[in-house]
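Below are the chains, spelled out letter by letter.
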Amino acid sequence: MGKDKSTAPTISDLPGVGPAISDKLIEAGYSDMMTIAVSSPKELAEVAEIGEATATKIIQAARKQADIGGFETGVALLERRARIGAITTGSKSFNELMGGKGFETQSITELFGEFGSGKTQIALQMCLNVQLPVEKGGLDSHVFFIDTENTFRPDRITQMAEGLEMDPAEALQRIHVARAYNSSHQMLLVEKVMELSKEFPTRLLIVDSLTSLFRAEYVGRGALADRQQKLNRHMHDLLRWGDINNGAVVVTNQVAAKPDAFFGDPTRPIGGHIVGHTATFRLYLRKSKGNKRIARLIDSPHLPEGEAVFSVNQSGIGD
Ligand code: GTP
Ligand code: MG
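## Considerations on unusual backbone geometry
Logical step 1: Of the consecutive residues Asp208 and Ser209, the connecting peptide bond is found in the cis state with omega at 0°.
Logical step 2: Even without being a glycine, Glu49 presents a positive backbone phi close to 55°.
Logical step 3: With a phi angle near 60°, Asn150 is a residue other than glycine that sits in the positive phi range.
Logical step 4: Locating Asn150 in the fold gives a position in the loop between β4 (142-147) and α8 (154-163).
Logical step 5: In this structure Asn150 comes out as partly exposed when scored by relative accessible area, which is 41%.

Right under this line is the structure:
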């Protein structure tokens, strides 16, 4: 354990964590040292079906392994902020709304809106825009795309690449798509992305849709607390990826046009305040005339609220 730096200890190396417990922990999203280190004995005991005393020992061991780090000086924070990059949306007014340059790294941008409001189209466009050189508004990088609704369309990417005068085949080479089959799988894929990002630096991670699987699996009032807890963990995993890789995270979230059976208020995105508090930028998208769409920035830490009009064209997102 710990001899070779490339094989960092995993949770199954923790004393008291055998294969069965390890499986339960991973299944519940407690798949890395940090997550276990910051958990409470009570919650760990519950998810792993072990006694609280055992849970306490596991947590203590995880705390020794996890790089808890801790305090950063204001100067270090300033330096980190100075490294924030941005990816153009393809629309000038949309970029303006986002502070001038587009979607920022070290943050999560949540796109929420009803069906057809343009969430997936923006997600696909960002897969290409991130590949652009910095002077053209990109970060010259690959992208990870976690697809929960089977909406990734290579042929649409081809159209958009042509709009940018990019070679479609080359562009597709730099997009890494994984289909998520259930919410646990979706969470595990973030772990996978975390690993793959060590091999080659990647500055954009997209989850389309963030909430659809959670919503389908955790049905009814009784499941609400559980779902929120998982979503919370998922969001924090995503944010951690963004911080470590200086990457942008873009997630989509559908709101029902008609009141949802479990959420009375139709304008409330799925996941409610959990997603809202973790997302750094929340954008509410709605349809306008024809191919026009309106994005409204809501609750941003350092940008004024406002709206931008953009369009979804054959060649992609534009003004
Ligand atoms: P849900 O995933 O159903 O919640 O919707 P969404 O918000 O992801 O919608 P999406 O991004 O798929 O937007 C769909 C809209 O984009 C359509 O109504 C079309 O107006 C437009 N669109 C989708 N594909 C194309 C295309 O190939 N060409 C053009 N010109 N427009 C397209
Ligand atoms: Mg969609």
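## Here's the deal with helix α4 (residues 52-65)
Logical step 1: The terminal C-alpha atoms of α4, which comprises 14 residues, lie 20 Å apart, in line with the 20 Å expected from a rise of 1.5 Å per residue.
Logical step 2: Turning to α4, its buried residues number three or more, namely Ala55, Ile58, Ile59, Ala61 and Ala62. Along α4, the residues classed as buried sweep out an arc of 165° about the axis, all on the same side. Counted as exposed and oriented over 90 degrees from the buried face of α4: Ala53, Lys57 and Lys64.
Logical step 3: If you follow the buried residues of α4, they end up packed against α2 (33-37) and α3 (41-48).

## Notes on the packing of aromatic side chains
For any two aromatic rings, the description comes down to two numbers: the centre-to-centre distance and the angle of the planes.
Logical step 1: Under the counting rule described, the total for this entry stands at 6 aromatic pairs.
Logical step 2: Residues Phe94 and Phe103 carry aromatic rings whose centres are separated by 5.7 Å and whose planes lie at 80° to one another, so their mutual orientation is edge-to-face. We note that Phe94, like Phe103, is buried.
Logical step 3: An aromatic cluster of three or more residues is present, and its members are Phe94, Phe103 and Phe310.
Logical step 4: Directly above the ring of Tyr30 sits Arg233, whose terminal nitrogen or CZ lies 3.9 Å from the centroid.
Logical step 5: Over the aromatic face of Phe112 sits the side chain of Arg282, whose NZ or CZ is 5.0 Å from the ring centroid.

## Section: the site of ligand 1
Logical step 1: As a structural note, the neighbourhood of ligand 1 is formed by 16 residues, with Gly116, Lys119, Thr120, Gln121 and Gln254 the closest of them.
Logical step 2: For ligand 1, an oxygen atom lies 3.2 Å from a polar atom in the backbone of Ser117.
Logical step 3: One of the side-chain N or O atoms of Arg156 is found 3.2 Å from an oxygen atom in ligand 1.
Logical step 4: If ligand 1 stood free it would expose 660 Å²; the protein chains cover 66% of that surface.

## A closer look at the pairing of strand β3 (residues 107-113)
Logical step 1: In terms of burial, β3 is a largely internal element, 7 of the 7 residues being buried.
Logical step 2: Residues of β3 alternate between two faces, with Ser107, Thr109, Leu111 and Gly113 on one and Ile108, Glu110 and Phe112 on the opposite face, all of them buried.
Logical step 3: Sheet analysis places β3 next to strand β7 (residues 248-254), joined by 7 bridges and oriented parallel. For Leu111, the partnering residue across the bridge sits in β7 and is Thr252.

## Quick notes on the nonpolar core
Logical step 1: The biggest cluster of nonpolar side chains holds 38 residues, and the ones touching the most others in it are Phe94, Phe103, Ile122, Leu204, Ile206 and Leu283.
Logical step 2: Ranked by size, the runner-up nonpolar core spans 23 residues in total, among them Val193, Met235, Val249 and Val251.

## A look at the layout of surface pockets
Logical step 1: One number sums up the size of the second largest pocket: a volume of about 300 Å³.
Logical step 2: Looking at the lining of the second largest pocket, the elements with two or more residues in it are α2 and α12 (224-245).
Logical step 3: It is α12 that provides the largest number of residues to the lining of the second largest pocket, a total of 6 residues.
Logical step 4: Looking at side-chain class alone, the lining of the second largest pocket contains 2 nonpolar, 5 polar and 4 charged residues.
Logical step 5: Formed jointly, the lining of the second largest pocket draws a minimum of three residues from each of two domains, domain 1 (12-66) and domain 2 (80-318).

The rules behind these values
- Residues numbered from 1 in each chain as written.
- Chains lettered and ligands numbered in written order.
- Predicted model: local features only at pLDDT ≥ 70, side-chain atom pairs only at ≥ 80, totals over all residues.
- Heavy atoms only, no water.
- Helix = DSSP H or I, 4+ residues; strand = E, 2+ residues; numbered from the N terminus.
- Buried < 20%, exposed > 50% of the residue type's maximum accessible area, 1.4 Å probe, protein only.
- Expected span 1.5 Å × (residues − 1).
- Arc of directions from axis to C-beta.
- Contact = heavy atoms within 4.5 Å.
- Phe/Tyr/Trp six-rings, centres within 6.5 Å; stacked < 30°, edge-to-face > 60°.
- Lys NZ or Arg CZ within 6 Å of the ring centre and 35° of its normal.
- Near = heavy atom within 4 Å.
- Polar contact = N/O pair within 3.5 Å; in protein donor to acceptor, adjacent residues only side chain to side chain.
- Areas by Shrake-Rupley, 256 points an atom, 1.4 Å probe, with all protein chains shown as cover.
- Pairing = 2+ DSSP bridges.
- Core = buried A, V, L, I, M, F, W, Y, C linked by side-chain atoms within 4.5 Å.
- 1 Å grid on protein atoms, 1.4 Å probe; cavity = no way out; pocket = protein on both sides within 12 Å on 5 of 7 lines; lining within 4 Å.
- Points joined across faces, edges and corners; volume = space filled by probe spheres on them.
- Nonpolar A, V, L, I, M, F, W, Y, C, P; charged D, E, K, R; others polar.
- Domains from an automatic or database assignment.

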